[in-house]
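Spelled out, the chains give:
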Amino acid sequence: MSQDIEKIKQKRKEWEEKVLKPALDRFWLKESPTKFYTPADVEGFDFLTDVGFPGEYPFTANTYPTSPYIPAPRRGLPGASGLVRAATYSGYGTAEDTRDYYMEMQKRGQKRGPNLAFDLPTQCGYDSDNPLVRGEIGKTGVAVDTLRDFEVIYEPFQGDLELDNIASNFTINGPCNIIVSMYFALAEKRGIPLDKLRATPQNDILKEFIARGTYIFPPRHSMRMFRDSLVFFAKHCPHVNITSVGGYHIRGAGATREQDLAFSMAILIAYLQEGVKTGLDVDSFAPRFSVNAFGGSMEFFKEIAFQRAARRMWAKILREKFGAKNERSMLLRQPAGAHMGYENCTVQRPLNNLTRSVVGAIASTLSGGLPIPMPPYDEPLGLGWSLEASQLSEDAFKILYYEANLNEVIDPLAGSYYVEHLTDEIEEAAWKELDKIEAMGGAVAAIESGYMQREIAKSAYERQRRIESGEDLVVGVNCFVGENELEVQTTRLVPHPYDPTKRERAEDRQIRNLTEVKKNRDNRAVAQLLKELKGKAEKEADNLIPHFIECAKAYVSEQEMCDVLREAFGEYQPATI
């Protein structure tokens, strides 16, 4: 084999001199704008070691051995027997507004549970009546202050859509345990055991410190909250995922592809270590770690290779670092594969975003996922997607799935010299960065020192510089913007699912609702529960979730609980970068 490689290297030199160079000279080029890869670029490649079969270690080819999705053209989208999933990310205004939205979606045939987006005050642990958050109520998602809001939101989910028949997702991090406890309290009020619930909270607080910013407590106290949820879910909620890590937020904040992978893995390692430190066997909880998504871009082949590298890297971490025995622990569970990266949508000529999302959907399929063209083209135009944009995305999915038959083969680029080279290159760079973070003491230490934040800020600056200088081209933004370019639009056929009038009035209505709740609840009981919460919060060994559930049942508000924790834990002050 080594002799063959040497022959290829020698032959390449001859080709470059006798064939490539004359072609470059003809077009006055100093170097070729295209590359060509050979076996010499993947020296030592071993199929069984480096790729393997789908659903087997190291899972480079795919997480699962086959796709469970069964074509169902008369139903629209393919389904998978036995899988229970939440619906599309959604929620706005008051609890009533979001309830009405789900009722309308059910009339249109949607039979899945809610995938809740929360407004920024809720994400940051503030009640809607706090003057500090005026103007933000119900803007980026639904406002949730007390159990009363959960009761209203879930009114459409009864009977065949009762809590034990659906899955729910909660995109929440800082106050995650409080929000999930409201859901648990709702279940208990409806007589549904916690071990029957299916849910996925995002519960990825470390990412908030370096990307989105909806943190509340310092990192180490935040990890205490993560530990509480891990232990409680592992013991009482076998169908509730523990975390859904969001590397795409890290990339969206400006991280490079390699930083996205390394930082995400460092964060996942920190979460795994929290479970192991409690004495739990890693195989008892790691199978319920998931990844919402890594970042994406328009660099088609690199994003496919990224996904392959991520699966292999995660499997190695679980087997080699944590000694996992169960291969289910080594599965990198994601709802999709590669994608275009939401931050790459443009306000300018927004219909072009459909083309971008279709490119991402094809990359998703070739990297192990379904051909999901996300997001709909009007993603950058405001909260929520129009039904017209959603229809175009769904139709693109159906065309790729039913007409192009993209899901007939798994990992079709396996063995490609270029893709295997890229996969190795991305993984190697991520390991190098991950080793640096581990040498600092891990993700928490790297956050406390400001290292991750600084590195992302530098990468974000560099990315923006390349766009503004024209080094990176974005169609309709910094190129192809002449007067003869057309601004193509679609016709609005139905009202936007998020009623703009309701959104405008949401703040006043939500404050009135909260005022009514605080007036009618047993405020003596509330005061006692908050006093007890302070005592428990000050005891590191106490798991706070059972008490959060009791607080929720008494209609203690989110901020009232968070304020007690702010007093006990302190609030995070970002490192100066």
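Residues numbered from 1 in each chain as written. Predicted model: local features only at pLDDT ≥ 70, side-chain atom pairs only at ≥ 80, totals over all residues. Heavy atoms only, no water.

## Describing helix α7 (residues 205–212)
The test is simple: Think of it in three bands: with a 1.4 Å probe and only protein chains considered, a residue is buried below 20% of the maximum accessible area for its type, exposed above 50%, and partly exposed in between. Every helix listed is a DSSP run of H or I at least four residues long, and every strand listed is a run of E at least two residues long, numbered separately from the N terminus. Any two residues whose heavy atoms approach within 4.5 Å are treated as being in contact.
With six of eight residues buried, α7 lies mostly within the body of the structure. As for α7, its buried residues are in contact with α8 (219–236), β5 (243–246), α9 (247–252), α10 (257–277), α15 (443–448) and α16 (451–469).

## Some points on a nonpolar patch on the surface
Counted only if it meets this: What makes a patch is a set of residues exposed beyond 30% relative accessible area and free of salt bridges, joined within 9 Å when like-charged and within 5 Å when nonpolar (Val, Leu, Ile, Met, Phe, Trp, Tyr). Computed with the Shrake-Rupley method and a 1.4 Å probe, the accessible areas treat only the protein chains shown as cover for residues. Counted as salt bridges are all cases of a side-chain nitrogen of Lys or Arg within 4 Å of a carboxyl oxygen of Asp or Glu.
Together, F45, F47, L48 and F53 line one region of the surface with nonpolar side chains, adding up to about 390 Å² of accessible area. Tracing the backbone shows L48 in helix α2 (residues 47–51).

## Some points on the packing of aromatic side chains
Short version of the rule: Here a Phe, Tyr or Trp ring, Trp counted by its six-membered ring, pairs with any other such ring whose centre lies within 6.5 Å, and the pair is stacked when the planes are under 30 degrees apart, edge-to-face when over 60, and tilted otherwise. The rule for a charge over a ring is simple: NZ of Lys or CZ of Arg within 6 Å of the ring centre, and within 35 degrees of the ring normal.
Summed over the entire model, instances satisfying the criterion amount to 28 aromatic pairs. For the pair Y92 and Y498, a centre-to-centre distance of 4.4 Å together with 20° between the ring planes defines the contact as stacked. Taken as a pair, Y92 in the loop between β1 (86–90) and α3 (95–107) and Y498 in the loop between α16 and α17 (500–520) lie far apart in primary sequence, 406 residues in all. For the pair Y92 and Y498, a shared accessibility class is recorded, and that class is buried. Judged by centre distance (5.9 Å) and plane angle (10°), the rings of F150 and Y154 are stacked. Taking the relative accessible area as the measure of exposure, F150 reaches 0% and is therefore buried. Classification of Y154 as buried rests on a relative accessible area of 0%. Just above the ring of F306 sits the side chain of R251; from NZ or CZ to the centre is 5.1 Å. A cation over a ring is seen here: R319 above Y57, with NZ or CZ 3.6 Å from the ring centre.

## Some points on unusual backbone geometry
Note that the residue after Y57, namely P58, is joined by a cis bond; omega there is 10°. Within the secondary structure layout, P58 lies in the loop between α2 and β1. Note the cis peptide between M374 and P375, where omega equals 0°. As for its placement among the helices and strands, P375 is situated in the loop between α12 (352–366) and α13 (387–403).

## Describing the side chain of R251
Within the fold, R251 resides in helix α9. Other than its neighbours up to four places away in sequence, R251 contacts T256, R257, D260, G295, G296, S297, E303, F306 and E343.

## Side note on the domain arrangement of the protein chain
Interfaces are often sized by the accessible area lost when the parts come together. The condition that has to hold: All the domain ranges listed were derived from an automatic or database domain assignment. Here the quantity called buried area is the accessible surface, traced with a 1.4 Å probe, that two parts lose on coming together, added over both. Identification of polar contacts relies on pairs of N or O atoms within 3.5 Å, with a donor-acceptor requirement for protein atoms, meaning one able to donate a hydrogen and the other able to accept it, and with residues adjacent in sequence counted only if both atoms are side-chain atoms. Each residue is assigned to one class: nonpolar for Ala, Val, Leu, Ile, Met, Phe, Trp, Tyr, Cys and Pro, charged for Asp, Glu, Lys and Arg, and polar for all the others, Gly among them.
Splitting the protein chain by domain gives domain 1 (2–36), domain 2 (37–66 + 204–481) and domain 3 (78–201 + 490–577). The largest contributions to the domain 2 side of the interface with domain 3 come from I216, R224 and L383, which together make up 18% of the buried area. Run the count over domain 2 and domain 3 and you get two salt bridges. Where domain 2 meets domain 3, there are 21 residue pairs in polar contact (both at pLDDT 80 or more). Every element with two or more residues in the side of domain 2 that touches domain 3 is listed here: α7, α8, β5, α13, α15 and α16. If one sorts the elements of the side of domain 2 that touches domain 3 by residue count, α8 sits on top with 11 residues. The class makeup of the residues in the side of domain 2 that touches domain 3 is 26 nonpolar, 13 polar and 10 charged.

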